[in-house]
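Examining the three-dimensional arrangement
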Amino acid sequence: MKLEKLSASTILRNGTIIDPVAEKQFKADVLIEDGRIAGIGGQINHEDAKSIDCSGLIITHGFCDLHVHFREPGREDKETLATGSRAALAGGFTRVCVMPNTDPPIDTPEAVANIIDKARELPVHIHPIGAVTHQQQGRQLTEMGSMRDSGSVAFSDDGLPITNGSVMRMALEYGGMLNVPVINHAEDIDLRNDGLMNEGAVSTRLGLPGNPAAAEINMVHRDLELARTTSTRLHVPHVSTAGAARLIGDLKKQHDGISAEVTPHHLFFNDEDLLGFDTNLKVAPPIRSEADRQGLITAIRQGVFECIATDHAPHTTEEKEGTFDLAPFGMIGLESCFGAVNRILVNENDLPLMELIKMLTVNPRNIMGFDNDLLTVGEAAELVVVDTGAEYEFSRAHIQSKSVNSPYLGRQLTGKIHYTISKGNLAVVQ
Ligand SMILES: [Zn+2]
């Protein structure tokens, strides 16, 4: 990937534009001047403009990921805001929300402001999510109001569930007053126990302790009930089970404040892929059964999930090279996201491309209240140019993250990012 400043005038020529707001697809050129959209239409002429041939390629809003871990401060050996930004650009993302489980956690207004400060000059938009409780210990609420004022777009103790129902209820009530979503890592830790992978036939075969689907379903059920009774905003992250998807779908019919995300890896893999003991497939919540994977795809068709979120979680090779029981939970996911979900959802399961694009663009922006008017003259250019038909083997060369803990290495993906345009920068990915 090559990262350069956008020329004063750039024309994206002969591309097919997918406008996920108007739900329209059409052929046009896009003129970008001084980092802003200056014209969209047929055959734009501009003598001094740098021309980028986009024939056969899709141009759409830059992707937005509500759930990444960039490890700064504290574990800059795994990822930094700067290296995470490069991983985002390589995956077509121009906007990400970073989770607060850093060291120390983002649990004060100053810590929120610090992330915003450090991210100002970086090539993608980075929004901090603040911790719900002090030190993410699950007991005492943080100063959510002042943290929101400092720029926290949502609240979560992600990585750790909020086990105390009363604390979760208060967090939802404050979140409701502040009009921001609360995101709870939905695992009942008592039920999860020491589970390392999905509980089922495969865990028995491998002799590994299992984490039952009920660990997620239980916690999602509690959170949905609290969101319903407090009339607040709950965003359910990385749903892995068909059972939790069903509960979310049911409650959504009665209550407006519920949104949910699904990760590429819970759509791409099933627990049989763990037969090779690839520690990069050790994630929380775990990769589930094929029935769960199919249930998640069905739920997408039914509109249960607003968005795809990667849960990009970098870890060092040394840590992931340990035995399966000792390796940390998590995988990177930004660079492989589009190629993975486009293959599974559009190619193999006939989801309309427009629906997938909405799950990567307008829908996550709507949940966080970000600007969605991106294909309008005068707006800062925040775009991605994609070849949706490209088939390729995902390799180390595609990774920009500081860590390489990806189970997609060696896997066939469909859909390649060519260019990402963000904050006056042009990332030439391919
Ligand atoms: Zn989580």
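Residues numbered from 1 in each chain as written. Predicted model: local features only at pLDDT ≥ 70, side-chain atom pairs only at ≥ 80, totals over all residues. Heavy atoms only, no water.

1. Structural notes on the environment of T263
- Considering the arrangement of structural elements, one finds T263 in the loop between β15 (258-262) and α9 (264-268).
- A sequence separation of 74 residues divides T263 from C337, and the C-alpha atoms of the two residues are 8.6 Å apart.
- Every residue in contact with T263, bar those within four places of it in the chain, is listed here: H238, A309, T310 and D311.
- Of the polar contacts made by the side chain of T263, one reaches the side chain of H266; its length is 2.8 Å. (Helix = DSSP H or I, 4+ residues; strand = E, 2+ residues; numbered from the N terminus. Contact = heavy atoms within 4.5 Å. Polar contact = N/O pair within 3.5 Å; in protein donor to acceptor, adjacent residues only side chain to side chain.)

2. Describing the environment of L326
- As for its placement among the helices and strands, L326 is situated in the loop between α11 (317-320) and α12 (337-347).
- Overall, the relative accessible area of 68% leaves L326 in the exposed class.
- L326 sits 157 residues away from R169 along the chain, and the two C-alpha atoms are 34 Å apart. (Buried < 20%, exposed > 50% of the residue type's maximum accessible area, 1.4 Å probe, protein only.)

3. Here we look at the sheet that holds strand β14 (residues 234-236)
- In spatial order, the strands read β10-β11-β14-β15-β16; together these 5 strands make up an open sheet with parallel pairing. Both edges of this open sheet fall to β10 (155-156) and β16 (307-308), since each of them pairs with a single strand only.
- Where β15 lies against β16, 2 bridges are found, and the strand directions are parallel. Along β16, the bridge assignment pairs V262 with I308. (Pairing = 2+ DSSP bridges.)

4. What to know about unusual backbone geometry
- For the peptide bond that leads from E72 to P73, omega is 5°, which places it in the cis range.
- Residue position: P73 is located in the loop between β7 (63-68) and α1 (81-90).
- The linkage connecting D103 with the following residue, P104, adopts the cis geometry, with an omega of 0°.
- Inspection of the secondary structure puts P104 in the loop between β8 (93-98) and α2 (109-119).
- For R71, which is not glycine, the phi torsion reads 65° and is therefore positive.
- Take R71: it is sitting in the loop between β7 and α1.
- One non-glycine residue, N179, lies in the positive phi region at around 55°.
- Within the element layout of this structure, N179 appears in the loop between α4 (165-178) and β11 (182-183).

5. Concerning the pattern of salt bridges
- This model, assessed by the stated rule, comprises 22 salt bridges.
- Residue R120 is joined to D117 by a salt bridge in which the shortest nitrogen-to-oxygen separation is 2.9 Å.
- Exposure remark for R120: the relative accessible area of 48% places this residue in the partly exposed category.
- Residue class for D117 comes out partly exposed when judged on its relative accessible area of 49%.
- For R222, the salt bridge is made with D223, and the minimal N-O distance between the two is 2.9 Å. (Salt bridge = Lys/Arg side-chain N within 4 Å of Asp/Glu carboxyl O.)

6. Some remarks on helix α7 (residues 213-230)
- End to end, α7 covers 26 Å across 18 residues, agreeing with the expected 26 Å (1.5 Å per residue, within 8%).
- Residues of α7 that are buried: A215, E216, M219, V220, R222, D223, L224, L226, A227 and T230.
- Elements that come into contact with the buried residues of α7 comprise α4, α5 (189-192), β13 (210-211), β14, α8 (242-252) and β15.
- S231 sits one or two residues past α7 and shows a positive phi near 55°. (Expected span 1.5 Å × (residues − 1).)

7. Some details on the side chain of D65
- If you trace the backbone, D65 turns up in strand β7.
- Within the structure, D65 has its side chain in polar contact with the backbone nitrogen of H67 (distance 3.0 Å).
- Of the polar contacts made by the side chain of D65, one reaches the side chain of T310; its length is 2.5 Å.

8. Considering the domain arrangement of the protein chain
- Its domain assignment divides the protein chain into domain 1 (2-59 + 377-428) and domain 2 (63-368).
- Here the C-alpha centre of domain 2 lies 26 Å away from the C-alpha centre of domain 1.
- For the pair domain 1 and domain 2, the two sides together bury roughly 3600 Å², of which 60% comes from carbon and sulfur.
- Three residues, N405, Y408 and K423, lead the burial of domain 1 against domain 2; their summed loss comes to 19% of the area buried on that side.
- Here domain 1 and domain 2 share 4 salt bridges between them. (Domains from an automatic or database assignment. Buried area = accessible area lost by both parts, 1.4 Å probe.)

9. Remarks on the nonpolar core
- The biggest cluster of nonpolar side chains holds 97 residues, and the ones touching the most others in it are I126, L267, F305, I308 and L345.
- For this core, the element with the highest residue contribution is α12, accounting for 7 residues.
- Residue-level mapping places this core at the junction of two domains, with at least three residues from each of domain 1 (2-59 + 377-428) and domain 2 (63-368).
- With sequence-adjacent residues up to four places away left out, L345 is seen in contact with L267, I297, I300, I308, D350, L351 and L356.
- The next biggest cluster of nonpolar side chains, apart from the first, holds 19 residues, and it includes V30, C54, A381 and V385. (Core = buried A, V, L, I, M, F, W, Y, C linked by side-chain atoms within 4.5 Å.)

10. Quick word on the packing of aromatic side chains
- Within this structure, the stated rule accounts for 6 aromatic pairs.
- Aromatic pair F269 and Y408: ring centres 5.1 Å apart, planes at 50°, arrangement tilted. Of the two residues, F269 is situated in the loop between α9 and α10 (290-301) and Y408 in the loop between β17 (383-393) and β18 (412-422); the sequence distance between them amounts to 139 residues. An identical accessibility class is assigned to F269 and Y408; each is buried.
- One aromatic cluster in this structure is built from F63, F93 and F338.
- Its end group placed over the ring of F329, R192 keeps NZ or CZ at 4.9 Å from the ring centre.
- Taking NZ or CZ as reference, K282 lies 4.6 Å from the ring centre of F329, over its face. (Phe/Tyr/Trp six-rings, centres within 6.5 Å; stacked < 30°, edge-to-face > 60°. Lys NZ or Arg CZ within 6 Å of the ring centre and 35° of its normal.)

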